[in-house]
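So you can see what is in the structure, the chains are spelled out below.
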Amino acid sequence: MNSFKFKKSLGQNFLIDDNIKRKIVNSASILKDSIIIEVGPGNGSITKLLVEFGVPVVAFEIDLRLKSELEKIDSSNLEVIFQDFLSVNLDDVLSKYSYERIHLIANLPYYITTPIINKVIKETSVYEMIVMVQKEVGDRFMAKPNSKDYNSLSVFLQYYFDISKVTTVSKNSFFPRPNVDSVVVKFTKKEELLKVNDLDFFLKLVRDAFTQKRKNLRNNLSLYDLEKVEKALFEIGKDLTYRAEQLSLEDFVHIANYLK
Ligand code: SAM
């Protein structure tokens, strides 16, 4: 790896801190019927620890220059697929395995953090995600109402998952050293989701409510039946002058279910 030329465009900041690698892996709740997906194994520093669980590990790496390094990992439960994760047919890949729980564990390439997470949520029944992300992005994932980081993605992710911080990670834990701070975030699928009558409508309502962050609900939801929205808000002690960032996940569910 000494002569390896790291590509910034592929988000190649490799984790060199053994303590953080251990923290990532130890925070996973792997059972014998689990399967692990890793996006961007790089030189395999986390992969080597993941295969020790003894469950299937499927790693997707876009950069073929890492092939010889990854082939050094001698494990019968590891499959490395050299492809852009975003263009992979996950159904096809996963259908070869039998499993009950899917885990995504990865130090993600930051330039495609949200697309990767969205893909995994959309295309699989993922149970747990433990991901290293840029600190600001992690703050948004975990943000609560009335905070500057709270947005439609926070509501969307918190609808499906309990989200917590595993650890913050200094720039010095990577090589090459990145310009941004990082955080490891853990998502665990909620045992019971809030009852939503029409999921697509709920997600659209949340997105629309946040269209212009500084504007109130009367403005952002002007294309909805405002009289009904007002009645729904009244029931939870709020009104159309509130902004989306002042509404909780439960508030959004209440409004969506009132309208549909
Ligand atoms: N797992 C290693 C570690 O922790 O040291 C490397 C993590 S590095 C932040 C991100 C990795 O994702 C790189 O190996 C990069 O080549 C890979 N990568 C970037 N874009 C990708 C994509 N679209 N599909 C799969 N892997 C990708």
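Note that the structure is a prediction, hence the values are computed from the model and not measured.

Enquirer: An account of helix H11 (residues 249–259) is needed here, citing residue identities and associated values.
Expert: Within an α-helix, residues lying three or four positions from one another point in the same direction, as the helix has 3.6 residues per turn. Of the residues making up H11, those classed as buried are Leu249, Asp251, Phe252, Val253, Ile255, Ala256 and Leu259. For H11, the elements touching its buried residues are helix H7 (152–160), helix H8 (199–209) and helix H10 (226–235).

Enquirer: Tell me about unusual backbone geometry, residues and numbers included.
Expert: Following phenylalanine 175, the chain continues to proline 176 via a peptide bond in cis, the omega torsion being -10°. For proline 176, the position within the fold is in the loop between strand E8 (174–175) and strand E9 (182–189). Of note, asparagine 146 is a non-glycine position whose phi angle comes to about 65°, a positive value. Following the sequence through the fold, asparagine 146 ends up in the loop between helix H6 (135–142) and H7. Classification of asparagine 146 as exposed rests on a relative accessible area of 58%.

Enquirer: Lay out the packing of aromatic side chains with the relevant residues and their values.
Expert: Counted under the stated rule, the structure contains 14 aromatic pairs. Above the ring of phenylalanine 85, the side-chain terminus of lysine 119 is found at 5.7 Å from the ring centroid.

Enquirer: Explain the site of the ligand residue by residue, including any values.
Expert: The full set close to the ligand counts 25 residues, and Leu15, Gly40, Glu61, Asp84 and Tyr111 are the nearest of them. At a separation of 2.8 Å, an oxygen atom of the ligand approaches a polar backbone atom of leucine 15. Protein coverage of the free-state accessible area of the ligand, which is 590 Å², stands at 99%. Classifying every residue of the shell around the ligand gives 13 nonpolar, eight polar and four charged.

Enquirer: Describe the domain arrangement of the protein chain, with residues and values.
Expert: In terms of domain boundaries, the protein chain breaks down into domain 1 (8–189) and domain 2 (199–259). Using C-alpha coordinates to define each centre, domain 1 is positioned 33 Å away from domain 2. Listed per partner, the contact involves twelve residues of domain 1 and 14 residues of domain 2. Buried area between domain 1 and domain 2, both sides added, is near 990 Å², and the carbon and sulfur share of it is 69%. Sorting the residues of domain 1 by area buried against domain 2 places Tyr150, Val155 and Tyr159 first, and these three jointly supply 46% of that buried surface. Applying the counting criterion to the domain 1 and domain 2 interface returns four residue pairs in polar contact (both at pLDDT 80 or more). Grouping the constituent residues of the side of domain 1 that touches domain 2 by class yields six nonpolar, five polar and one charged.

Conventions adopted
Residues numbered from 1 in each chain as written. Predicted model: local features only at pLDDT ≥ 70, side-chain atom pairs only at ≥ 80, totals over all residues. Heavy atoms only, no water. Buried < 20%, exposed > 50% of the residue type's maximum accessible area, 1.4 Å probe, protein only. Helix = DSSP H or I, 4+ residues; strand = E, 2+ residues; numbered from the N terminus. Contact = heavy atoms within 4.5 Å. Phe/Tyr/Trp six-rings, centres within 6.5 Å; stacked < 30°, edge-to-face > 60°. Lys NZ or Arg CZ within 6 Å of the ring centre and 35° of its normal. Near = heavy atom within 4 Å. Polar contact = N/O pair within 3.5 Å; in protein donor to acceptor, adjacent residues only side chain to side chain. Areas by Shrake-Rupley, 256 points an atom, 1.4 Å probe, with all protein chains shown as cover. Nonpolar A, V, L, I, M, F, W, Y, C, P; charged D, E, K, R; others polar. Domains from an automatic or database assignment. Buried area = accessible area lost by both parts, 1.4 Å probe.

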